[in-house]
Amino acid sequence: MDLFNDLTGKLGKVQDVYIEMLSEVVTDEKNLKLALFFIVFNPLFWNTAARLEYKTHFLTKITGSAKRGCYVLAVTIFSLGIVRDYFFHQALMQQPTSRVLDTDAVRKAGMVLSAFGQVLVATSMYQLGVTGTYLGDYFGILMDNIVTAFPFNVSNNPMYHGSTLTFLGTSLYYGKAAGVFATVLVNLVYNIAQQFEEPFTAQIYAKRDAERTKKSS
Ligand SMILES: *[C@@H]1O[C@H](CO)[C@@H](O)[C@H](O)[C@H]1NC(C)=O
């Protein structure tokens, strides 16, 4: 009975914090709306463009080579990311500081999480290279081997996990409730994107491996 009371008490507190934070979000703000738009739009854009490339090779045709096509897509995706991050940052600056999050412990946790997130993103890019990071497999540019070194030994998708942690860390560092809720959306769209990308990538590599075995036999 005590345990039950204790548990419901704790859940009640979590709910209080949640409701408090929800009340601290200024929803009617232009930068926040734009940040949320790009959070959803960007993964939609790169998945659509990459699949279209796979089907029609339109970027390879326009630029004259798969590698150049992939670099064009990479620069586009990277730029869209900068635009999204810009509006996210502007949005955070416009939001009130949350009473719940306004503590040194939260700020420190935010710093650690966003630093770790950026390490995941940077090392993942270092391991995969430009074409490996930016959907090169859709252009027929495949990695020779699966990368298992850090950060891939701590995360199966260090790009997405690192990016999500950076959003969360930045939001906590500035103590903004709206940022924390935006991070929930980031996590959701990345999870959905991952569900589209992973089977597709696996299929492209399975096809390559089947052809390799055929050649060697
Ligand atoms: C991942 O690799 C890094 C660098 O090689 C290593 O320091 C770390 O302990 C590894 N982590 C796990 C969970 O295996």
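Residues numbered from 1 in each chain as written. Predicted model: local features only at pLDDT ≥ 70, side-chain atom pairs only at ≥ 80, totals over all residues. Heavy atoms only, no water.

Grouped together as the largest cluster of nonpolar side chains are 29 residues, with contacts concentrated most on L73 and L135. Looking at this core, the elements with two or more residues in it are α2 (30-56), α4 (66-94), α6 (158-174) and α7 (177-216). Residue contributions to this core peak at eight residues, all from α4. Excluding its chain neighbours within four sequence positions, the residues that come into contact with L73 are F45, A49, L59, Y134, L135 and F139. Listed in part, the 10 residues of the second largest apolar core include V25, L32, V106 and A177. (Core = buried A, V, L, I, M, F, W, Y, C linked by side-chain atoms within 4.5 Å. Buried < 20%, exposed > 50% of the residue type's maximum accessible area, 1.4 Å probe, protein only. Helix = DSSP H or I, 4+ residues; strand = E, 2+ residues; numbered from the N terminus. Contact = heavy atoms within 4.5 Å.)

All right, on to the UniProt feature "intramembrane region" (unreviewed entry) in the protein chain then. UniProt tags residues 30-50 as "intramembrane region" (unreviewed entry). Segment residues 30-50 splits into 100% helix and 0% strand. End C-alpha atoms: 30 Å apart. (UniProt positions renumbered as here; feature names shortened; annotations may be inferred.)

Before going further, it helps to spend a moment on the environment of L113. Looking at the element boundaries, L113 is found in helix α5 (residues 104-133). The exposure class assigned to L113 is partly exposed, which follows from its relative accessible area of 26%. Sequence-distant contacts of L113, defined by excluding residues within four places in its chain, comprise L165, L168, G169 and L172.

The subject of this paragraph is α4. When the terminal C-alpha atoms of α4 are compared, their 42 Å separation across 29 residues agrees well with the 42 Å that a helix rising 1.5 Å per residue should span. Taken as a whole, α4 has its buried residues at G69, C70, L73, A74, I77, L80, G81, R84, F87, F88, A91 and L92. Contact partners of the buried residues in α4: α2, α3 (58-63), α5, α6 and α7. (Expected span 1.5 Å × (residues − 1).)

Attention now moves to a nonpolar patch on the surface. A contiguous nonpolar patch, built from F116, V119, F150 and V154 and spanning about 320 Å² of accessible area, is present on the exposed surface. Mapped onto the fold, F150 is located in the loop between α5 and α6. Taking the relative accessible area as the measure of exposure, F150 reaches 33% and is therefore partly exposed. (Patch = residues over 30% accessible without salt bridge, like charges linked within 9 Å, V, L, I, M, F, W, Y side chains within 5 Å. Areas by Shrake-Rupley, 256 points an atom, 1.4 Å probe, with all protein chains shown as cover. Salt bridge = Lys/Arg side-chain N within 4 Å of Asp/Glu carboxyl O.)

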